[in-house]
Amino acid sequence: MSKIIWKNEYNTDIDIIDMQHKRLLKLINYLSEEGEKDGMTAYIFEELSQYIKQHFKTEEDILKKSNYKEFIAHKNEHKEFTKWLRAVQQSYNIGGISNQSLTKSVEEFLRQWLINHILISDMAYVSHLK
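Description of the structure in this document. (Residues numbered from 1 in each chain as written. Predicted model: local features only at pLDDT ≥ 70, side-chain atom pairs only at ≥ 80, totals over all residues. Heavy atoms only, no water.)

Attention now goes to the overall build of the protein chain. Along the protein chain, the regular secondary structure elements total four helices and zero strands. Ordering the α and β elements of the protein chain from the N terminus gives α-α-α-α. Sorting the 130 residues of the protein chain into buried and exposed places 43% on the buried side. Across the protein chain, contacts joining residues at least 24 apart in sequence account for 75% of those joining residues at least 6 apart. (Helix = DSSP H or I, 4+ residues; strand = E, 2+ residues; numbered from the N terminus. Buried < 20%, exposed > 50% of the residue type's maximum accessible area, 1.4 Å probe, protein only. Contact = heavy atoms within 4.5 Å.)

Mapped onto the elements, His117 comes out in helix 4 (residues 99-129). Its relative accessible area of 3% is what places His117 among the buried residues. Distance in space between the C-alpha atoms of His117 and Tyr10 is 9.9 Å, their sequence separation being 107 residues.

Attention now moves to the side chain of Ser49. Within the secondary structure layout, Ser49 lies in helix 2 (residues 40-65). If we skip the residues at most four places from it in the chain, Ser49 touches Leu85 and Gln89.

Right, let's get into empty space enclosed by the protein. A complete count under the given rule lists one cavity of 30 Å³ or more for this structure. Roughly 40 Å³ of volume is contained in the largest cavity. Mapped onto the lining of the largest cavity, the elements with two or more residues apiece are helix 1 (15-34), helix 2 and helix 4. Considering each element in turn, the lining of the largest cavity owes the most residues, three residues, to helix 4. (1 Å grid on protein atoms, 1.4 Å probe; cavity = no way out; pocket = protein on both sides within 12 Å on 5 of 7 lines; lining within 4 Å. Points joined across faces, edges and corners; volume = space filled by probe spheres on them.)

Turning next to the packing of aromatic side chains. Scanning the entire structure with this criterion turns up seven aromatic pairs. Taken together, a centroid distance of 5.4 Å and an interplanar angle of 75° make the contact between Trp6 and Tyr10 edge-to-face. Residue classification places Tyr10 among the buried residues on the basis of a relative accessible area of 4%. Taking the centre distance of 6.1 Å and the plane angle of 80° together, the rings of Phe56 and Phe81 count as edge-to-face. On the criterion of sequence distance, the pair formed by Phe56 in helix 2 and Phe81 in helix 3 (residues 71-93) is long-range, its members being 25 residues apart. By the burial criterion, Phe56 is buried, and Phe81 matches it. Across from the ring centre of Tyr51, 5.7 Å away, lies the NZ or CZ of Arg23, which sits over that ring. (Phe/Tyr/Trp six-rings, centres within 6.5 Å; stacked < 30°, edge-to-face > 60°. Lys NZ or Arg CZ within 6 Å of the ring centre and 35° of its normal.)

So, in structure tokens, the structure goes:
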């Protein structure tokens, strides 16, 4: 699968958020590039899982402090994604999902979800924060 390249349209102009989004893109790209090597997929899943928690907490803290009117809906998107990622990670860890399946469906979902989340959900709060 081809790498996700950061585009200017993904910039929220909120430094901490953009930095974290770029790190998430790197982790997804790393999963695509290194995931088929022995032991790497489980390691990358764990890194992604931990980093996504950190990113969601950062975003939610900012939105809550600013009294963002769509805070609950945004937080619920994060919860749904976290549940999905946890389920995929658990399935992979018990052998219910193979590296081959992972590269075809999970990576594509991760890519689409992150880019759509940035371009739609995250961009919706940018004007509120500015």
